[in-house]
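What follows is the residue order along each chain.
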Amino acid sequence: MINTTVNLGGIKMKNPVATASGTFGFGLEYQQFIQLEKLGAIIVKGTTPAPRQGNPPPRIAETPAGMLNAIGLQNPGVNKVAGEIIPRLVHLNTPVIINIAGDTVEDYALVANKLDGVPGVAGLEINISCPNVKKGGIQFGSDPRSAAEVTRAVKAATKLPVIVKLSPNVTDLVAMAAAVAEAGADALSMINTLLGMAIDVDRRKPVLGNITGGLSGPAVRPVAVRAVWQVYRAVKLPILGMGGIMTTRDALEFILAGATAVAVGTANFVNPRATIEIIEGIENYLREQGFNNINQLTGLAHAGI
Amino acid sequence: MALLVQGEIVSHMERAPGVFMVEFIAPNLATVARPGQFLHIRCSEGNDPLLRRPISIHAVDRDRGRVGILFQVVGRGTALLARRKDGVIDVMGPLGRGFSTGSHNLMRAGSIAVVGGGIGAAPLFFLLQELARCGDPARVKVLLGARSANQILIKEEIENLGYTMELATDDGSVGHRGQVTELLLKLLPEGVSYVYACGPAPMLKAVCAFLSEAGIPGEVSLEERMACGVGACLSCACQVKAAGGGVHYRRACVDGPVFPAGEVVW
Ligand SMILES: Cc1cc2nc3c(=O)[nH]c(=O)nc-3n(C[C@H](O)[C@H](O)[C@H](O)COP(=O)(O)OP(=O)(O)OC[C@H]3O[C@@H](n4cnc5c(N)ncnc54)[C@H](O)[C@@H]3O)c2cc1C
Ligand SMILES: Cc1cc2nc3c(=O)[nH]c(=O)nc-3n(C[C@H](O)[C@H](O)[C@H](O)COP(=O)(O)O)c2cc1C
Ligand code: FES
């Protein structure tokens, strides 16, 4: 018997594969292609206190082996998410994690508080790393003290497990991770998108309506694997690794670098069955390589280094 | 409910310079597809270009279980797609809300105008197939526009379905010299009661303005860049009028790509 269950800071997952926030809607959109019940966890779109319209189009641009997005946290607001959307997911035997965002520390605490005790919510992922909104987001994600403050406020506002999602757009990622760990985070997730930009040479204008956007997809994978590797060595919190995972082998890179679980984002757009194929692929790898527990692989590439 | 299909390519033709028609086998897709819906097509086998490309369903042959697409090479994705002459094509679909071809449209008194600009003719052929099946081609007027005579697409196929049509070209090499919208403007007072349109944004903008002025209903198919194609990523936002006044973003991939002409904000 192979054991693929993992514990991500108090969130029990039947396998280590989740969907990345913002790339999987509220899950329902993908039911036509996969059984949501097979997923390790579903992480839904960033939720803010009030509804948000998002940024003007065009909101995406394709770049070499990747894409830029500037959605701008379009979402229906926490009341609608808690009242209308989560109830449609509550029957699933898969943990649902809500990604939360805001402009101020109070915003984060408010959303966290409103989701506390809502049936069907297994945990929160704090997005302090969104590059596409003017205030908040990235601002908290680039200063260790602000990041710690948001983490403490959210922890105080909820009993749910709290995952803090880190931005790669910082000079010292390890310092950020250490600060939020110290402030009480139950787990870390990394990486959010890398700040980037593309210019349309024919129109001689930025491609995105928002001018800059977040880079995701295979292009960012080496940066993400490095981030997981460094943080794993410095901070003793479970890590949810993501960034450009398309296949089983990509997911295994993250786990070997130190991730307890992984999230699949952009790959869903290309192959809506990517998550399921990766879940099956990891099981096959374990079997073929003679492991009986996924947790044996976490951080294994560090052995002897 | 969309399908994931690996369809075997059975024909591949360059129909006009840089415009390709590809037909593949997909019986289930052919059965459920509706006019105006689109497919999300993988153009490369590797990670570059990464995203699928939205391409309309151009024609459906339910008896033989075949689906056709008609596309113009404009960049890397479509260039790669054009090079694939045999083997399989990886498509997701049918996606989106297509044209409404219900009886409420076909029962209206007056005639129906179907207006296409350039490659925008692609989804209109499937619409015309469907209108011919459940309506009367004599009541439908087809207006097609393009830059030049050799860019007028699928004229014979449309005539074979029993439709009459009028053409417009920028250079006057065939039909009216000028915009296809000028043909529409002339036709509207002659008892047109419903309009379907697909084409470049400036053309659709003009169509919507004419319809609003004349008080005639219709629907237009919009293009936005898409990532997921299924409503999950919010990449394809387009502004439409909200029910209670004001405007809001809708997703072109699931709330569209076809929208009522009166709702689109230009
Ligand atoms: C619902 C829908 C149905 C479509 N149906 C057809 C069809 O039947 N036949 C056809 O030829 N084309 C169709 N298109 C347009 C087609 O998707 C784009 O031409 C294609 O994605 C371009 O890919 P590329 O890699 O070749 O070009 P890229 O290198 O990606 O881009 C080349 C140029 O095309 C523009 N472009 C890219 N993506 C889009 C897009 N989604 N919409 C508008 N412009 C874009 C870019 O701004 C750029 O100027 C449709 C688009 C949508 C949204
Ligand atoms: C279209 C899109 C929307 C996203 N929205 C969010 C979001 O709302 N909150 C968040 O924390 N991350 C968001 N992300 C970031 C992803 O969750 C993920 O961290 C990133 O894309 C890297 O993973 P990937 O390369 O597998 O996509 C978004 C990414 C994309 C592509
Ligand atoms: S393309 Fe993802 S929501 Fe429309």
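Every value quoted in this text rests on a predicted model; they were computed, and no experiment measured them. (Residues numbered from 1 in each chain as written. Chains lettered and ligands numbered in written order. Predicted model: local features only at pLDDT ≥ 70, side-chain atom pairs only at ≥ 80, totals over all residues.)

A. Highlighting the overall build of chain B. When helices and strands are counted, chain B shows seven helices and 16 strands. Relative to the compact-globule value of 18 Å for 266 residues, chain B shows a C-alpha radius of gyration of 18 Å, a close match. Oriented by its inertia axes, the alpha-carbon framework of chain B measures out at about 50 × 45 × 35 Å. Taken over 266 residues, chain B has a buried fraction of 48%. Counting only contacts in chain B whose residues sit at least 6 apart along the sequence, the fraction spanning at least 24 positions is 66%. (Helix = DSSP H or I, 4+ residues; strand = E, 2+ residues; numbered from the N terminus. Rg over C-alpha atoms; globule rule 2.2 N^0.38 Å. Buried ≥ 20, exposed ≤ 12 C-beta atoms within 10 Å, placed from the backbone. Contact = placed C-beta atoms within 7 Å.)

B. The overall build of chain A, seen in detail. Along chain A, the regular secondary structure elements total nine helices and 16 strands. Radius of gyration (C-alpha) of chain A: 18 Å, near the 19 Å computed for a compact globule of 305 residues. Counting only C-alpha atoms, chain A reaches 55 × 50 × 40 Å along its principal axes. The buried share among the 305 residues of chain A stands at 60%. Look at the contacts in chain A between residues 6 or more apart in sequence, and 72% of them connect residues 24 or more apart.

C. Just the nonpolar core, in detail. Counting residues in hydrophobic clusters, the biggest one holds 190 residues, and the most contacted among them are A:Leu124, A:Val180, A:Leu188, A:Val228, A:Leu240, A:Val262 and B:Val207. No other element matches the eight residues that helix α4 (residues 121-134) of chain B contributes to this core. Ignoring sequence-local partners within four residues, the contact set of B:Val207 consists of B:Val115, B:Thr181, B:Leu184, B:Val195, B:Ala197, B:Val220 and B:Ala261. (Core = buried A, V, L, I, M, F, W, Y, C linked by C-beta atoms within 7 Å.)

D. View of the site of ligand 2. What surrounds ligand 2 is a group of 29 residues, the closest being A:Ala20, A:Gly22, A:Gly46, A:Ser216 and A:Gly265. Chains contributing residues near ligand 2 are chains A and B. Of the residues contributing to the shell around ligand 2, the split by class is eleven nonpolar, 16 polar and two charged. (Near = placed C-beta within 6 Å. Nonpolar A, V, L, I, M, F, W, Y, C, P; charged D, E, K, R; others polar.)

E. Quick peek at the interface of chain A and chain B. Every contact between the two is made by 29 residues of chain A and, on the other side, 25 residues of chain B. Taken together, the elements giving at least two residues each to the side of chain A that touches chain B come down to β5 (60-63), β6 (66-69) and α8 (267-270) of chain A. Of the residues belonging to the side of chain A that touches chain B, the class tally is 15 nonpolar, eleven polar and three charged.

F. Main features of the sheet that holds β5(A). Residue and element names in this part refer to chain A. The strand order across the open sheet formed by four strands is β5-β6-β14-β11, and the pairing between neighbours is antiparallel. On the outer flanks of this sheet lie β5 and β11 (194-197), each paired with one strand and no other. Strand after strand, the sheet turns through a mean of 40° between neighbouring axes, direction not considered. Pairing between β6 and strand β14 (residues 212-216): three bridges, direction antiparallel. (Pairing = 2+ DSSP bridges. Axes fitted to C-alpha atoms, helices over the stretch in contact; angles between N-to-C directions.)

G. How the structure looks around the domain arrangement of chain B. Residue and element names in this part refer to chain B. We note that the domain assignment places domain 1 (3-95), domain 2 (103-221) and domain 3 (224-266) within chain B. For domain 2 versus domain 3, the separation of C-alpha centres amounts to 23 Å. Taken together, the contact pairs eleven residues of domain 2 with eight residues of domain 3. Tallying contributions element by element places helix α7 (residues 201-214) first for the side of domain 2 that touches domain 3, with five residues. (Domains from an automatic or database assignment.)

H. Examining the site of ligand 1 more closely. In the vicinity of ligand 1 lie 23 residues, with B:Ser56, B:Phe71, B:Gly75, B:Gly77 and B:Thr78 positioned nearest. Among the chains of the assembly, those with residues near ligand 1 are chains A and B. Listed by contribution, the elements that provide at least two residues to the shell around ligand 1 are β4 (53-56), β6 (66-72), α2 (76-83) and α4 of chain B. Ranked by the residues each element gives to the shell around ligand 1, the list is headed by β4(B), at four residues. Of the residues assigned to the shell around ligand 1, the class counts are twelve nonpolar, five polar and six charged.

I. Quick look at the pairing of strand β7 (residues 96-100) of chain A. Residues and elements named next belong to chain A. Taking burial as the measure, the five residues of β7 include five buried ones, the bulk of the element. As paired strands, strand β4 (residues 41-47) and β7 are joined by four bridges and run parallel to one another. From the neighbouring strand, Ile43 faces β7, where its bridge partner is Ile97. Examined bridge by bridge, β7 and strand β8 (residues 121-127) share five bridges and lie parallel to one another. If you follow Ile100 over to β8, its bridge partner there is Ile126.

J. Broad picture of the sheet that holds strand β15 (residues 239-242) of chain A. All names here are of chain A. Strand order in the closed barrel formed by eight strands is β3-β4-β7-β8-β9-β10-β15-β16, and the pairing between neighbours is parallel. Recorded for the sheet is a direction-independent mean angle of 25° between the axes of neighbouring strands. Relative to strand β16 (residues 261-264), β15 is paired through three bridges, and the arrangement is parallel. Bridging across to β16, Leu240 finds its partner in Ala261. Against the sheet, helix α9 (residues 274-289) contacts β3 (17-19) and β16, and its axis sits at roughly 170° relative to β3.

K. Molecular detail of the environment of A:Ile34. Residue and element names in this part refer to chain A. Following the sequence through the fold, Ile34 ends up in the loop between β3 and β4. Placed 255 residues apart in sequence, Ile34 and Gln289 show a C-alpha to C-alpha distance of 27 Å. Leave out the neighbours within four places in its chain, and Ile34 touches Pro272, Arg273, Thr275 and Ile276.

L. Expanded view of the environment of B:Leu185. Tracing the chain through its elements places B:Leu185 in helix α6 (residues 180-187). Through-space distance from the C-alpha of B:Leu185 to that of B:Leu211 is 8.9 Å; in sequence the pair is 26 residues apart.

M. Helix α5 (residues 173-182) of chain A, seen in detail. Residues and elements named next belong to chain A. If you check which residues of α5 are buried, you get Leu173, Met176, Ala177, Ala179, Val180 and Ala181. Summarising the contacts, the buried residues of α5 are in contact with α4 (144-157), β9 (162-165), β10 (187-190) and α6 (221-234). Just beyond α5, the residue with positive phi is Gly184, at close to 110°.

N. Seen up close, unusual backbone geometry. Here the bond from B:Asp48 into B:Pro49 is cis, since omega is -10°, no more than 30 degrees from zero. Its place among the elements puts B:Pro49 in the loop between β3 (38-41) and β4. Cis geometry is found at the peptide bond from B:Gly256 to B:Pro257, where omega equals 10°. Mapped onto the elements of the fold, B:Pro257 is located in the loop between β15 (247-251) and β16 (258-260). Positive phi values are uncommon outside glycine, yet A:Ala65 reaches one of about 50°. Checked against the element boundaries, A:Ala65 lands in the loop between β5 and β6. Of note, the phi angle at A:Leu73 is positive, near 55°, even though the residue is not glycine.

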